[in-house]
Amino acid sequence: MSAGAPPVAIIMGSQSDWATMRHAAETLDALGVPHDDRIVSAHRTPDRLFAFAKGARDAGFKVIIAGAGGAAHLPGMAAAMTTLPVLGVPVESKALSGQDSLLSIVQMPAGVPVGTLAIGRAGAVNAALLAASILALEDRALSERLDAWRRARTEEVAERPRDDA
Ligand code: RP5
């Protein structure tokens with residue numbers, strides 16, 4: 001298999017997860033990190049998940065960001081089939097506000113790690129930042145873009161609150 005994939009794969013259990021996971025994609029875009037975004041459902045497309053996770057390293061991916069909601073098996077199942085770093089994003093569910101997603105993703109047994117982020121948008125953004133940090137270990141230019149991104153966030157914070165904000 002060729003190693004031509006971008007460094008980050010963003011996978012999600014459903015089209016409905018994209019509203020959350022697009023924040024990971026946009027953050028990677030802002031940092032100049034290419035990514036491949038795919039719907040890969042642990043429940044509805046298990047063969048697709050198997051093929052993706054088993055082939056991810058040979059395809060050239062370096063980090064996997066996996067978002068899912070409810071009975072959110074996707075990150076854990078992906079981690080079961082690859083030793084690439086897997087960052088899990090709990091998508092906010094209607095029934096339990098994402099607490100089901102969070103607990104499904106975070107409570108992995110010892111031996112199969114999933115780096116679990118916060119529920120929803122914050123988790124998606126931070127998963128992208130962590131993925132970039134991992135890649136920046138061996139990419140000085142990306143490390144400098146990450147520093148600049150963080151500086152820009154700091155500079156956005158006003159000294160005093162405004163009435164019209
Ligand atoms: C999970 O079920 C998906 O990750 C999604 O968050 C949730 C609901 O999926 P849909 O019914 O919207 O396709 O597998």
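Just so it is clear, the structure is predicted and the values come from calculations on it, not from any experiment. (Residues numbered from 1 in each chain as written. Predicted model: local features only at pLDDT ≥ 70, side-chain atom pairs only at ≥ 80, totals over all residues.)

Asks: Explain the overall build of the protein chain here, please?
Replies: Counting its regular elements, the protein chain contains 6 helices and 5 strands. Reading the helices (α) and strands (β) of the protein chain from amino to carboxyl end gives β-α-β-α-β-α-β-α-β-α-α. Since a compact globule built from 165 residues should have a radius of gyration of about 15 Å, the 16 Å found for the protein chain is in line with a globular shape. In terms of its C-alpha atoms, the protein chain occupies a principal-axis envelope of roughly 50 × 40 × 30 Å. Buried residues in the protein chain amount to 38% of all 165 residues. Counting contacts in the protein chain only where the partners sit at least 6 residues apart, residues at least 24 apart contribute 69% of the total. (Helix = DSSP H or I, 4+ residues; strand = E, 2+ residues; numbered from the N terminus. Rg over C-alpha atoms; globule rule 2.2 N^0.38 Å. Buried ≥ 20, exposed ≤ 12 C-beta atoms within 10 Å, placed from the backbone. Contact = placed C-beta atoms within 7 Å.)

Asks: Hey, could you run me through the UniProt feature "binding site: substrate" (unreviewed entry) in the protein chain in this one?
Replies: As recorded in UniProt, the feature "binding site: substrate" (unreviewed entry) lies at Ser14, Asp17 and Arg44. In sequence the annotated residues extend across 31 residues, while in space they remain close, none of their C-alpha pairs exceeding 14.2 Å. Structurally, the position occupied by aspartate 17 is in the loop between β1 (8-12) and α1 (18-30). Within the secondary structure layout, arginine 44 lies in the loop between β2 (35-39) and α2 (46-59). Accessibility expressed as a C-beta count within 10 Å gives 11 for arginine 44, which makes it exposed. (UniProt positions renumbered as here; feature names shortened; annotations may be inferred.)

Asks: What am I meant to see in unusual backbone geometry here?
Replies: A negative phi angle is the norm for most residues apart from glycine, just as the trans form is the norm for most peptide bonds. At serine 97, a residue that is not glycine, the phi angle is positive and equals roughly 55°. Along the chain, serine 97 turns up in the loop between β4 (86-91) and α4 (99-106).

Asks: Looking at this model, I keep getting lost on the nonpolar core. Mind explaining?
Replies: The nonpolar side chains of soluble globular proteins are, as a tendency, buried together. Membership of the largest hydrophobic core comes to 42 residues, with the highest contact counts inside it found for Ile11, Ala24, Ile64, Ile65, Ala78 and Ala128. Secondary-structure elements contributing two or more residues to this core are β1, α1, α2, β3 (63-69), α3 (74-80), β4, α4 and α5 (121-136). Among the elements that take part in this core, α5 stands out by supplying 7 residues, more than any other. (Core = buried A, V, L, I, M, F, W, Y, C linked by C-beta atoms within 7 Å.)

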